[in-house]
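A look at the structure
Take a look at the letters that make up each chain.
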Amino acid sequence: MVHRLDVDALIDDQATKVVVCCGSGGVGKTTTAAALAARAAERGRRTVVLTIDPARRLAQSLGLRELDNHPRQVRVSGFAPKGELYAMMLDMRRTFDDMVLAHAGPDRAEQILANPFYQTISSSFSGTQEYMAMEKLGQLAAEGSWDLIVVDTPPSRSALDFLDAPQRLSTVLDGRIIRLLSAPARAGGRGLLKIVGAGFGLFTKAISTIIGGQLLADASAFVQAFDSMFGGFRERAQKTYQLLRSPGTAFLVVAAPEPDALREASYFVERLAEETMPLAGLVLNRTHPVLAELPAARAQAAAEELSSGGAHPLAVAVLRLHADRVAVATREKRLLARFTKAHPSVSLVGVPALAEDVHDLAGLREIGRRLAGE
Amino acid sequence: MDSAVGWTDELARARLHVVTGKGGTGKTTVAAALALALATGGRRVLLVEVEERQGIAQLFDRAPLPYSEERIASAPGGGEVRALAVDAEAALLEYLAMFYNLGFAGRTLKRMGAVEFVTTLAPGLRDVLQTGKVKECVGRTDSSGRHLYDAVVLDAPPTGRVVKFLDVTKAVTDVAKVGPIRGQSEGVVRLLHSGDTAVHLVTLLEEMPVRETMDALVELDGADLRPGAVFVNRVRPPRLDAAAVDAAAVGEVDEDQVRAGLLAAGLDLAVDELEGLVDETVDHAVRVRAEQRASAELTESDLPAVRLPELVDGVDLAALYELAEKLVAQGVR
């Protein structure tokens with residue numbers, strides 16, 4: 001028996017401090033996060049939603065016009081929540097800059113910020129957005145003034161990137177390999193050199209031919225400047241990781257009724273279990289439940305009978321589109337059944353699709369009602 | 001999209017078909033169906049993926065593809081489709097091996113993560129290596145000097161990233177000022193900007209995917225890359241006529257008329273069931289209206305368009321052949 005995910009119980013629980021919405025790209029994570037936050041605010045909690053790269057019109061519906069690293073209160077006419085709703089859009093570059101400024105002395109910070117390699121890492125490295133989302137979550141949690149923080153996760157190919165990217169960035173920043181590349185003899189020690197042999201020198205040479213000696217030199221200078229503050233970085237990332245594992249956190253895995261999205265959802269559920277991170281349940285977005293019991297075969301047969309007579313075109317259309325809908329709903333149920341068979345203990349809620357995209361608070365509230373099963 | 005002209009002669013001459021689209025639009029499925037369609041009638045086509053997610057293997061229901069060109073399907077009329085999953089690390093090592101004899105050191109460094117580190121250090125490098133491999137496949141000839149592949153279909157990164165991926169000139173200027181990579185990239189740039197290459201865009205008839213398609217067109221234009229066709233995927237059959245759509249979209253469905261029709265077919269439904277049918281009809285009509293708006297916006301792009309139907313039962317191998325047939329019927333060759 002599959003349990004229904006009780007969204008209202010989750011957001012009403014004073015012990016729930018952080019809700020993380022994760023899932024593969026294009027499944028409606030941001031919309032789910034925003035709708036959930038709006039609902040929590042309406043139910044009396046002081047809520048902030050941290051969004052990452054929302055669609056423009058969705059951002060506008062929350063009154064967000066540009067990247068801004070500070071939560072802004074959402075004030076829209078007709079929206080008077082019992083609690084409060086704040087929203088922000090992550091600015092990863094500024095979050096990174098702020099971290100550097102906070103951890104390095106002013107001189108060193110300036111040196112780091114001006115380094116071309118830092119500029120590459122802070123704006124285009126694929127793990128930076130995830131790392132900075134974690135950092136910002138840590139900061140918001142440390143403020144202690146929020147009843148509930150709802151986090152959207154960065155759009156990525158794989159839902160697991162969110163958990164893995166900070167580690168990947170750490171590997172780059174920790175600089176072991178870069179020290180090897182720039183000064184192999186000093187960093188690697190004789191043992192490693194012996195293993196790798198003479199090929200290593202060739203490799204270094206090849207790499208610097210390909211990416212250019214200047215970039216390698218910049219990277220090396222960056223790592224040296226960064227070294228002293230690296231411990232602080234790692235400690236903070238560790239702390240946020242612990243926050244994610246604490247009982248006040250709830251993960252919501254978001255999916256759409258498509259094979260790829262549900263496969264990613266499965267991976268994520270398994271991964272959360274491995275890391276002993278608290279899973280609240282699965283949100284299955286954009287379902288198409290059948291609204292009338294009439295079996296598809298009967299609808300189809302009746303449509304055939306009527307259309308051969310040439311009368312009642314409206315009834316024929318209604319019957320045919322009902323049969324289409326039953327077929328879609330059947331497929332969605334089948335896909336979901338595969339997931340629940342593999343993860344019978346995960347509670348879940350289906351959110352019937354809206355016929356159009358959400359672009360205002362009214363749309364978010366409607367999604368909120370559907371999330372809560374109203 | 002009644003003004004659509006289908007597959008043009010210009011597209012028929014292309015040898016590299018790049019397929020992109022917003023995530024979730026069915027890019028990989030379309031790329032696979034296109035490869036099958038192009039192979040129809042006895043041609044040899046290579047289907048390439050670059051995102052290291054083994055989408056092709058999943059679609060064709062087989063074990064993960066190694067870094068080699070494997071035959072994965074035969075096409076009607078004696079054609080064949082081979083597939084290749086380009087792995088940037090393997091491409092880098094293969095590439096280095098052309099210039100330096102790394103031997104054992106190459107493998108050791110790979111284990112240490114050094115290769116991933118280097119491609120991380122210079123993010124554009126990954127793209128340069130992958131497009132370089134694709135170019136090599138497009139240009140490869142057999143002993144008699146004929147092209148080994150009649151066409152290459154590339155399942156490319158999604159629209160948000162595709163121009164950056166294809167804009168090798170920019171990436172190389174950023175990472176390699178001199179040296180062998182630079183020389184090789186010049187050939188890639190020539191291919192990507194020539195008439196041999198077409199960049200196809202996959203979309204659904206929904207607001208966001210169409211918006212992304214239009215944005216991508218502007219970006220492609222800015223980078224001097226040539227757009228090919230728009231593939232409108234997962235098209236649902238029309239059920240209501242135009243007047244009924246307009247009425248139902250604002251909630252006006254003549255319940256008495258529906259009831260009379262149902263009774264004539266021997267269906268006497270309870271009130272709430274009839275209301276359920278009406279709600280489904282309104283839902284359908286609102287969606288059709290949104291599709292019409294999306295379709296009108298796409299028409300403005302003035303690109304050739306082909307349509308593929310929604311497959312309710314999902315995509316398996318048989319469905320891929322069905323889609324390929326639909327493409328051939330719309331002139332894809």
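Our subject is the structure listed above.
Cut-off values and rules
Residue positions are counted from 1 within each chain, in the order its sequence is given. To read the labels, note that chains go from A and ligands from 1, taken in the order they are written. The predicted nature of this model means local features are confined to residues of pLDDT at least 70 and side-chain atom pairs, given and counted, to a pLDDT of 80 or more, with totals for whole chains, interfaces and linings taken over all residues. Hydrogens and water are ignored here; the side-chain numbers use all heavy atoms of the structure. To sort residues, take the accessible area from a 1.4 Å probe on protein chains only and compare it with the maximum for the residue type: under 20% means buried, over 50% means exposed, and anything in between is partly exposed. Counting from the N terminus, the helices are the DSSP runs of H or I reaching at least four residues and the strands are the DSSP runs of E reaching at least two. At least two bridges found by DSSP between two strands is the condition for calling them paired. Here, the term right-handed applies to a crossover whose path from the first strand over the helix to the second runs clockwise when the strands point away from the viewer. Each axis is a line fitted through C-alpha atoms, and for a helix only the stretch in contact is used; angles between axes span 0 to 180 degrees, taken between their N-to-C directions. The criterion used for residue contact is that any of the two residues' heavy atoms lie within 4.5 Å. Any Phe, Tyr or Trp ring, taking Trp's six-membered ring, that has another such ring centre within 6.5 Å forms a pair; planes under 30 degrees apart are called stacked, those over 60 apart edge-to-face, and the others tilted. Charge-over-ring contacts are defined here by two conditions on Lys NZ or Arg CZ: a distance within 6 Å of the ring centre and an angle within 35 degrees of the ring normal. Within 3.5 Å is the distance limit for a polar contact, defined as a pair of N or O atoms, with the added protein rule that one can donate a hydrogen and the other accept it, and that residues adjacent in sequence qualify only through two side-chain atoms. Grid points spaced at 1 Å over the protein atoms alone were grouped into cavities, where a 1.4 Å probe fits but cannot get out, and pockets, open sets with protein on both sides within 12 Å along at least five of seven lines, with lining residues defined by an atom within 4 Å of a point. Grid points are joined across faces, edges and corners, and a volume is the space filled by probe spheres set on the points. When residues are grouped by polarity, Ala, Val, Leu, Ile, Met, Phe, Trp, Tyr, Cys and Pro land in nonpolar, Asp, Glu, Lys and Arg in charged, and all others, Gly among them, in polar. For classification, angles of less than 35 degrees are called roughly parallel, those exceeding 145 degrees roughly antiparallel, those between 65 and 115 degrees roughly perpendicular, and all remaining angles oblique.

**Some remarks on the pairing of strand β7 (residues 227–235) of chain B**
All names here are of chain B. Counting buried positions along β7 yields 7 of 9 residues, so the element is predominantly enclosed. Examined bridge by bridge, strand β6 (residues 197–203) and β7 share 4 bridges and lie parallel to one another. Residue pairing for β7: Val 202 is matched across the bridge by Phe 231. Since β6 and β7 lie parallel, the crossover through helix α11 (residues 207–222) that links them has a hand, and here it is right-handed. In this structure, β7 lies alongside strand β8 (residues 305–309), joined through 4 bridges in parallel fashion. From the neighbouring strand, Val 232 faces β8, where its bridge partner is Arg 307.

**Quick look at the pairing of strand β2 (residues 46–51) of chain A**
In regular strands, side chains alternate between the two faces of the sheet. Residue and element names in this part refer to chain A. Where burial is concerned, most of β2 is hidden: 5 out of the 6 residues are buried. Here 6 bridges tie β2 to strand β4 (residues 84–89), and the two strands are oriented parallel to one another. Residue pairing for β4: Val 49 is matched across the bridge by Ala 87. Relative to strand β5 (residues 148–152), β2 runs parallel, the two sharing 4 bridges. For Val 48, the partnering residue across the bridge sits in β5 and is Ile 149.

**Brief notes about the sheet that holds strand β1 (residues 18–22) of chain A**
Within a sheet, each strand pairs with its neighbour through backbone hydrogen bonds, oriented either parallel or antiparallel. Residues and elements named next belong to chain A. Judged by pairing direction, the sheet is mixed, and its 8 strands sit side by side in the order β3-β4-β2-β5-β1-β6-β7-β8 without closing on themselves. Where the open sheet ends on each side, the last strands, each with one partner, are β3 (68–73) and β8 (348–352). Here the strands of the sheet are splayed against their neighbours by 20° on average, with no regard to which way each runs. For strand β6 (residues 249–255) and strand β7 (residues 279–287), the ladder comprises 5 bridges, and the chain directions are parallel. Paired with Val 254 across the strands is Val 283, a residue of β7. Strand contacts of helix α7 (residues 128–143): β1, β2, β3, β4 and β5, with the helix running at about 165° to β2, the strand carrying the most contacts.

**A closer look at the packing of aromatic side chains**
All names here are of chain A. This model, assessed by the stated rule, comprises 4 aromatic pairs over all chains. Ring geometry for Tyr 86 against Trp 146: centres 5.1 Å apart, planes inclined by 70°, an arrangement best described as edge-to-face. Separated by 60 residues along the polypeptide, Tyr 86 in strand β4 and Trp 146 in the loop between α7 and β5 bring together distant segments of the chain. Look at Trp 146 and you get buried, because its relative accessible area is 10%. Here the basic side chain of Arg 46 rests over the ring of Trp 146, its NZ or CZ set 4.5 Å away from the ring centre.

**Concerning the environment of Asp155(B)**
All names here are of chain B. Here Asp 155 lies in strand β5 (residues 151–155). In this structure Asp 155 comes out as buried when scored by relative accessible area, which is 3%. Distance from Asp 155 to His 17, taken between C-alpha atoms, is 8.7 Å for residues 138 residues apart in sequence. If near-sequence neighbours (up to four positions away) are discounted, Asp 155 is found in contact with Val 19, Lys 27, Thr 28, Ala 31, Val 48, Glu 49, Val 50 and Arg 53. A polar contact is formed between the side chain of Asp 155 and the side chain of Lys 27, at a distance of 2.9 Å.

**Examining the layout of surface pockets**
Residue and element names in this part refer to chain A. Of the voids in this model, the second largest pocket is the one considered here, and its volume is about 350 Å³. In this structure, the second largest pocket is lined by 18 residues; those nearest its centre are Thr 287, Pro 289, Ala 329, Lys 333 and Leu 336. Those elements that place two or more of their residues in the lining of the second largest pocket are β7, α15 (313–342) and β8. Here the element with the most residues in the lining of the second largest pocket is α15; it accounts for 7 residues. Along the lines of polarity and charge, the residues of the lining of the second largest pocket split into 10 nonpolar, 5 polar and 3 charged.

**Focus on the packing of helix α4 (residues 92–103) of chain A against helix α5 (residues 106–114) of chain A**
All names here are of chain A. One can describe the packing of α4 onto α5 by two numbers: an axis separation of 9 Å at closest approach and a directional angle of 150°. What the angle tells us is that α4 and α5 run roughly antiparallel. On α5, the residues touching Arg 93, Asp 97, Val 100 and Leu 101 of α4 are Ala 109, Ile 112 and Leu 113. Here the contact of α4 with α5 is built from residues that sort into 5 nonpolar, no polar and 2 charged.

**Considering the sheet that holds strand β3 (residues 70–75) of chain B**
Residues and elements named next belong to chain B. An order of β3-β4-β2-β5-β1-β6-β7-β8 is seen for the 8 strands of this open sheet, with the pairing classed as mixed. Across the chains shown, the open sheet's two edge strands, defined by having one partner strand only, are β3 and β8. Each neighbouring strand pair of the sheet contributes to a mean axis angle of 25°, computed without reference to strand direction. As paired strands, strand β2 (residues 44–49) and β5 are joined by 5 bridges and run parallel to one another. From the neighbouring strand, Leu 46 faces β5, where its bridge partner is Val 152. On top of the sheet, α11 reaches β6 and β7; it is set at about 160° to β6, its chief contact.

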